[in-house]
Amino acid sequence: MKTLMRPVSSPPVSPRPPSADGGPHDAGPPEAWRALSAAQQPDWPDPAALGAVVSALECAPPLVFARECDTLLDRLGEVARGSAFLLQGGDCAETLGSVSARSVRGKLDVLLQMAAVLTYATGVPVVKVGRMAGQYAKPRSRPTETRDGVTLPVYRGDAVNGREFTPAARTPDPARLERVYHASAATLNLMRAFAAGGHPDLRRVHEWNRDFVAGSAAGRHYRPLADEIGAALAFARACGMSTSTKRPAEVFASHEALLLDYESALVRTDPETGRRYALSGHLLWIGERTRQLDGAHVAFAAGIGNPLGVKLGPDATVDDVLGLLERLDPLRTPGRLTFVTRMGRELVRDRLPALVEAVRAQGAQVVWVCDPMHGNTFTAPSAHKSRRLDDVLDEITGFLEVHHALGTHPGGVHLELTGEDVTECVGGSREVLLEDLHRRYETACDPRLNREQSLDLAFRVAEWFSARRRRRERPRTRPVHAPSPTG
């Protein structure tokens, strides 16, 4: 395959029957969502300008291909069945001014390094999905922001308005949607260019990780696992197996499907199958603030063939989850639906089990993924939003423990991270302190893990899986019984 540049005319990966209306789940007319309430949409001041931009986007080439979405659906089906693991990560909010080869390569390198560690520890392939090439809009808790007695619209991401606190910057501008389209195309082109060269030699990726271990304050803690990986690579080479490949790397693109005018404008019908896809990205997710069963976002998502994600906060109920399952995955297609839990370290162990058990009782094969970032955000004394790496790791651990106790598959992690050495989250083996936050606090919205914190996380998660594997493989010793006194 398996390349992100595969033409639309390629044979389908796995044929799926279209419904009577040409959509994947008989979801009704393509624009049915417009008759419903749509949360978190900008108050565009010029409807005519918005209409002109939407019309232009409707005529633009798709950013991704339907076959690529089907390929990712197949990969996520493997995750849902317990034979793969999902690693999803990237910026909280992309910015129009930050599209560069260095930035894209930095995030891809971090994902590759993390994936190498997690592949060894989990013993299954790691599906890599970036929060990239479309993550330009953000839901917000309030529509306005007030500073020094001045109230302006809140910043909703570069797709809508600017970060500067001025009336001109904060006025929603639909022309930004076209700029987002072109920025996403540039990012995808960079991803494809890096992917076309194939995975770096595994030895090279491992050497990157060994360099990290050698320079890490926790190096003594991580070195045994790094040595195990090195020994496995040496064994593979001794057996004549190559650790390099020229095959294209599989890295898919994802973002939150928040701005429905933009997403709807990039929906296309696959001429081979008659199914509709939102071709702004491979995987689209619905956020915690927009997952209302009777809302426009769920209606829009129900009518497209992409694999879908839904964020679930600590207040998500069994009824919510079963309603979303029925609405978005009525055919029970493995991997079609990914539930991304964001409950916080203090609540995940209490709130998650009932949801997992309810879905299992329905016989559905969904992907369960942990977003340990959003439920663990706090405001530092310096007024910076931040997250503690230890809290992030504790929520992941709770997520893993719940699935282990229930006998279900912990499908993956969903992280906000960057390849840059930013100082936005505190903690890590090269510890970022609260007083360090101002040094390189560069996020457009929420704090991200830097490169070293991301690798800290990968090694710590890998240790959990490795410890569990060792417990399974430990031979059971038979008890020695004393001879009977009577002989």
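Residues numbered from 1 in each chain as written. Predicted model: local features only at pLDDT ≥ 70, side-chain atom pairs only at ≥ 80, totals over all residues. Heavy atoms only, no water.

**So, the side chain of D158**
- By the secondary structure assignment, D158 is in the loop between β4 (150-153) and α4 (167-170).
- No salt bridge forms around the buried D158; measuring N to O, its nearest opposite-charge neighbour R176 is 4.3 Å away. (Helix = DSSP H or I, 4+ residues; strand = E, 2+ residues; numbered from the N terminus. Buried < 20%, exposed > 50% of the residue type's maximum accessible area, 1.4 Å probe, protein only. Lys, Arg positive; Asp, Glu negative; His and termini not counted. Salt bridge = Lys/Arg side-chain N within 4 Å of Asp/Glu carboxyl O.)

**Describing empty space enclosed by the protein**
- Following the criterion strictly, the structure yields three cavities of 30 Å³ or more and no others.
- What the largest cavity holds in volume is close to 80 Å³.
- Among the elements of the structure, α5 (175-196), β5 (251-256) and α8 (260-265) are those that each provide at least two residues to the lining of the largest cavity.
- The residue makeup of the lining of the largest cavity, split by class, is nine nonpolar, two polar and two charged.
- Reported here for the second largest cavity is a volume of approximately 70 Å³.
- For the lining of the second largest cavity, the leading source of residues is helix α3 (residues 101-122), giving three residues.
- Split by residue class, the lining of the second largest cavity holds four nonpolar, four polar and three charged. (1 Å grid on protein atoms, 1.4 Å probe; cavity = no way out; pocket = protein on both sides within 12 Å on 5 of 7 lines; lining within 4 Å. Points joined across faces, edges and corners; volume = space filled by probe spheres on them. Nonpolar A, V, L, I, M, F, W, Y, C, P; charged D, E, K, R; others polar.)

**Topic: the packing of aromatic side chains**
- Applying the stated criterion across every chain yields a total of three aromatic pairs.
- Pairwise contacts between aromatic rings join F85, W464 and F465 into one cluster.
- Geometry around F378 places R388 over its ring, the cationic atom sitting 4.0 Å from the centre.
- The positively charged end of R469 is found above the aromatic ring belonging to Y120, 5.5 Å away from the centroid. (Phe/Tyr/Trp six-rings, centres within 6.5 Å; stacked < 30°, edge-to-face > 60°. Lys NZ or Arg CZ within 6 Å of the ring centre and 35° of its normal.)

So, to be careful, I would describe these as geometric facts and stop short of saying anything about function.
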